[in-house]
Amino acid sequence: MELIMRKFIFCLLSFSVAVFAPAKASETVVWQGDTAISWNQDVYVGVQFETALDLFAGLVKDDTIKVTVVAHIDEPQYVITYKAGDQWAWTDIDGLAPIDGIISYIVPNETMANEIATRGLVFRGQGYNITQIAIASEDQEPEQPIVLVEGDTTTLWENAEGVVLSWTEICEQDAALGAQLAAKDQIIVSVLAKNPATEWPKVILRDAAAAEVTNELLNDVSSFPYEVVFTLTAAQAAAVQNGFRISGDGVNVTKVAVYKYKAGDEPQPEEKEYEYRTVWTGDVAISWNQEVYVGTEFDTYTVQVDMLAGIQEGDSIKIYYAQAIDGAQFALTYKAGDDWAWTDLTVTEADGFFAYKVASDELAMDIADHGLVVRGQGYHLTGIVIGTPKNTTGIESIQMSEVSVQKVLRNGQLFLIRNGVEYTVNGQRIK
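Residues numbered from 1 in each chain as written. Predicted model: local features only at pLDDT ≥ 70, side-chain atom pairs only at ≥ 80, totals over all residues. Heavy atoms only, no water.

Taken residue by residue, helix α2 (residues 110-119) has M112, A113, E115, I116, A117 and R119 as its buried positions. Regarding α2, its N-cap is N109, as a side-chain oxygen of that residue lies 3.2 Å from the backbone nitrogen of T111 further along. G120 occupies a position one or two residues after α2 and carries a positive phi of about 75 degrees. (Buried < 20%, exposed > 50% of the residue type's maximum accessible area, 1.4 Å probe, protein only. Helix = DSSP H or I, 4+ residues; strand = E, 2+ residues; numbered from the N terminus. Polar contact = N/O pair within 3.5 Å; in protein donor to acceptor, adjacent residues only side chain to side chain.)

Laid out in structure tokens, this is it:
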């Protein structure tokens, strides 16, 4: 009884007072009897009726409380009270009018549903009898689990106007979805725009416990809409087995989808569309946890300052490796901006190598000037190869301070020709 009262009161204060139960609903009778209600015995003999505390156990938002009443005076008064907040404050709803002998009230929120479910309702007023209390729940089709199909892209969350993320989270998924993910699957986040005032706009993939799995910075992205594609490594797929959610800062996200990898579906145009040059070969053990595997990280700038000179937007960087342990982890970092801020790149894994396609001219300049750091766990770096689209000739003429300069790519090395004299990219004259 007390729970019903609370709901009626809240409805009067905040929303409309009475509604019919949903047209398609299952109804459960929780009380039957014939109790006269009165607060003035001279007018009508009756009582104040307080329900058992658990009468409405299981009540949830959008359930409808239906009270069958019989009027016994010309102008009966209907008051239902619920106990609100930490103080269990009695809060009345008056003026409730039955329709065809039934007062109906839809629970507007989970807070009130919980208060009524645990504290009951109190029926008060004058000159009427209560004969039945029921709860009607709208029938809903059982939610079907999402099943990912190889080769298909499945939308998990969508909002046409977009949601602006400011360290907030969307698209929370549980283990039923996470357990279907494996290496090479892709989580695709559609970004409508970024906030130019945000210093480091980014999209973040978090696991079920909200720990960061990976992220992509959008500082160098200038064309929108834009898709952030997280191609899962084996380690990342393991991290999201219990579920995941999408977070970020300074980005407006409109959709989250998953592409389920299918063998043979991966694009295979690189060998035909790119011309490759090897810029480094060797054997370096890579590890960021010496307790798991003994190794180090490989900084191209430290090994050779100009190793990646001449790289440009659209180039493909391939990092070749030999896996040393199960569950090896692969990471590639560049140093962004004047601060040389270490920033992870999103790589695509294949058999024997992982790759990154240079997304912008700005990023290409940072890589050329600051190098790359090959990182991860449990593998040996064996080679670094740069692929240049075949429509790029390898020779480019530009104007610098009214002096003609040519960039010439020869045998994998970049040279500069200025006024007929050939130099290395470090400015050393070639005799």
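A few words on the environment of Q180. Position of Q180 among the secondary structure elements: in the loop between α3 (175-178) and β9 (186-194). Between the C-alpha atoms of Q180 and A237, which are 57 residues apart in sequence, the distance is 9.1 Å. Contacts of Q180, omitting those with residues within four sequence positions, involve I146, V147, L148, D185 and K260. (Contact = heavy atoms within 4.5 Å.)

You can see L156 is positioned in strand β8 (residues 153-173). By relative accessible area, which is 15% here, L156 ends up buried. Residues contacting L156, with those up to four places away along its chain left out, are I146, C171, Q173, L177, F244, V256, A257 and V258.

We now examine the nonpolar core. As a rule of thumb, nonpolar side chains are buried together in soluble globular proteins. If you look at the biggest cluster of nonpolar residues, it comprises 31 residues, and the most contacted ones within it are F298, I317, L332, F354, Y356, I367 and L381. Contributing elements (two or more residues each) for this core: β14 (274-287), β16 (316-323), β17 (329-336), β20 (353-357), α7 (361-370) and β21 (372-389). Grouped together as the second largest cluster of nonpolar side chains are 28 residues, L59, Y78, I93 and L96 included. (Core = buried A, V, L, I, M, F, W, Y, C linked by side-chain atoms within 4.5 Å.)

Before going further, it helps to examine the pairing of strand β3 (residues 64-71). The pairing of β3 with strand β6 (residues 102-106) spans five bridges and is classified as antiparallel. Each residue of the ladder has a partner; that of I65, found in β6, is Y105. Note: β3 against strand β7 (residues 122-138), eight bridges, orientation antiparallel. Residue pairing for β7: V69 is matched across the bridge by I130. (Pairing = 2+ DSSP bridges.)

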